Amino acid sequence: MSDVVSRREFVASTAVGIAAAAASDIPYPMRPPRPLPPSSRWAAKPVALSSANGLRAAQKAFDMVMQGADTLDAVIEGVKIQELDPNDDSVGYGGLPNAAGVVQLDASCMHGPTKRAGAVGALEGIKTPSEVAKLVLKYTNHIFLVGEGAKRFALQYGFKDEDLLTEHAREVWLHWRANLNPDDDFLDVPEAEHMVVRPTGTINCDAVTPQGDISSVTTTSGLAFKIPGRVGDSPIIGAGQYTDNDVGAAGSTGRGESNIKVCGGFLTVEFMRRGLKPTDACLETLKRVVQLTEKRLLGADGKPKFSLDFYAVNKRGEFGAASLYPGRYAAHDGTEAKLRDTAYLYERPAASR
Ligand code: ASP
């Protein structure tokens, strides 16, 4: 035992390790959980943060980090809760389909300690694309698999081919199709109260361990009713999420096309590298988004007509989030997983023309 570790600390950390071993039921783990160093030797304040739909993800990822799990295993297990939840129609199983009524999922992840990345795009039939992205990261010399190839790859590792379209999602899609064009052959159907279409949604989760190791993941069913084959920002390394273990991690939700053009995940991490705090880095990235926004996407007052959010953590475990308009995000920083307000650029959504 190292002489800087007191006996009490050693016993305490070993107890955590034993708890972790019992909780090590992680499919395809990056590594098995191992005891944390004593808190006097922590390099960072551990944290897990997520988009507003990720309260459970933040809780799960934080708990796993504190059980000594690998940082990527922690964030993937966190977002899987949302992927498997049929009531979240923006992610995984139950996600709203594309224009042809088919659910196509996108996900990507980065693992700070090994500097690896993995992603899948337009993946059909697999409930947890974040896990498939982790397998691409862990077991291949590639980074990004799409469509049929991504599905075949997942099936080879034992994932099940399942129908991802829930009754709710099918109904919402049928309404969308019926009311799309008054001149088509589908008769218009009045919008029922409970069929509110949420065109965007996604989950991003980022975590920092007490050792200062960082990972990030973003997973989504993408824009509802997108053109089949459309891939958004979520599976693009450097847009939907990005991690540099020396600096921090950042991720995004909202209008993917606007994020892709600024490589928002990467840019946010670069702003942190130059010394900005996570929240300020997110705000700077949003300013760049506005600068690069086409006129057709701006309201009469010059503000964007879409929503976009960035979430960031740095190597010390500081964290923050910002959006174009007031929003929320989830974070667990050692006290509890709770929703917090994002910083934002504009008070109110754009005035329409
Ligand atoms: N960013 C996702 C996409 O563009 C959608 C979202 O976050 O709502 O696919």
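One can find the structure itself at the top, above this paragraph.
A short tour of the structure in this document, coming up. Just so we're clear, the structure is a prediction, and the values are computed from it rather than from any experiment. Residue positions are given per chain, counted from 1 along the sequence in the order it is written. Local features in a predicted model are, by the rule used here, given only for residues with pLDDT of at least 70; side-chain atom pairs are given and counted only at 80 or more, and totals for whole chains, interfaces and linings are based on all residues. No hydrogens and no water enter the side-chain calculation; it runs on all heavy atoms of the structure.

1. A word on the site of the ligand
G201, T202, R230, D233 and G254 are the nearest of the twelve residues found near the ligand. One of the backbone N or O atoms of G254 is found 2.6 Å from a nitrogen atom in the ligand. Among the cavities detected, the one that contains the ligand is the largest cavity. The classification used treats Ala, Val, Leu, Ile, Met, Phe, Trp, Tyr, Cys and Pro as nonpolar, Asp, Glu, Lys and Arg as charged, and all other residues, Gly among them, as polar. When grouped by side-chain class, the residues that make up the shell around the ligand number one nonpolar, nine polar and two charged. Definition of nearness: a residue and a molecule or strand are near each other if at least one heavy atom of the residue lies within 4 Å of the molecule or strand. As used in this structure description, the phrase polar contact means that two N or O atoms lie within 3.5 Å; if the pair is within protein, one of them must be able to donate a hydrogen and the other to accept it, and residues adjacent in sequence are counted only when both atoms belong to side chains. Of the two site types, the cavity is a set of points on a 1 Å grid over the protein atoms alone where a 1.4 Å probe fits but cannot get out, and the pocket is an open set with protein on both sides within 12 Å along at least five of seven lines, each lined by residues with an atom within 4 Å of a point. Should more than half of a molecule's atoms lie within 2 Å of a pocket's or cavity's grid points, that molecule is taken to sit in it.

2. Description of the packing of helix α2 (residues 55-66) against helix α3 (residues 71-83)
Pairs of packed helices are described in terms of their axes, by the angle between the two and the distance that separates them. Between N-to-C directions, angles span 0 to 180 degrees; the directions come from axes that are lines fitted to C-alpha atoms, helices contributing only their stretch in contact. Working definition: helices are DSSP H or I runs of at least four residues, strands are E runs of at least two. Numbering for both runs from the N terminus. Two elements in contact, α2 and α3, have axes whose closest approach is 8 Å; the angle formed by their N-to-C orientations is 150 degrees. On the basis of the axis angle, α2 is roughly antiparallel to α3. In this structure, α2 meets α3 at a crossing whose hand is right-handed. Between α2 and α3, the contacting residues are R56, A57, K60, A61, M64 and V65 on the first element and D73, A74, V75, E77, G78, V79, I81 and Q82 on the second. Looking at the contact of α2 with α3 residue by residue, the class counts come to eight nonpolar, two polar and four charged. Put simply, angles under 35 degrees are roughly parallel, angles over 145 are roughly antiparallel, angles from 65 to 115 are roughly perpendicular, and the rest are oblique. Crossings are classed by handedness, with left-handed meaning an anticlockwise turn of the near helix from the far one by less than a right angle and right-handed meaning a clockwise turn. The contact rule is simple, with two residues in contact once any of their heavy atoms fall within 4.5 Å.

3. Section: the side chain of Q104
Along the chain, the position of Q104 falls in the loop between α3 and β2 (105-111). A polar contact of 3.4 Å, which involves the side chain of Q104, links it to the side chain of N98. A polar atom in the side chain of Q104 sits 3.0 Å from the backbone nitrogen of G229.

4. Focus on a nonpolar patch on the surface
Excluding any residue in a salt bridge, patches collect residues exceeding 30% relative accessible area, merging like charges within 9 Å and nonpolar Val, Leu, Ile, Met, Phe, Trp and Tyr side chains within 5 Å. Each accessible area value is a Shrake-Rupley result obtained with a 1.4 Å probe; residue values ignore everything except the protein chains displayed when judging cover. By definition here, a salt bridge exists when the distance from a side-chain nitrogen of Lys or Arg to a carboxyl oxygen of Asp or Glu is within 4 Å. The grouping of I143, F144 and V146 at the surface amounts to a nonpolar patch, some 250 Å² of accessible area in total. Following the sequence through the fold, I143 ends up in the loop between α4 (129-139) and β4 (144-146).

5. A look at the pairing of strand β10 (residues 319-323)
The cut-offs for exposure are 20% and 50% of the maximum accessible area for each residue type, with area from a 1.4 Å probe on protein chains only; residues under the lower value are buried, those over the upper are exposed, and the others partly exposed. With five of its five residues buried, β10 lies for the most part within the structure. What you see with β10 is no split at all: F319, A321 and S323 on one side and G320 and A322 on the other are buried throughout. Direction of pairing for strand β9 (residues 308-314) relative to β10: antiparallel, over a ladder of five bridges. Each residue of the ladder has a partner; that of D309, found in β10, is S323. What sits between the antiparallel neighbours β9 and β10 is a turn of four residues, in which G317 has the positive phi angle 95 degrees. Think of it this way: DSSP has to see at least two bridges between two strands before they count as a pair. In the sheet, β10 pairs with strand β13 (residues 343-344) via two bridges, with the strands oriented parallel. What sits directly across from A322, in β13, is A343.

This is a description of form; function is not addressed.
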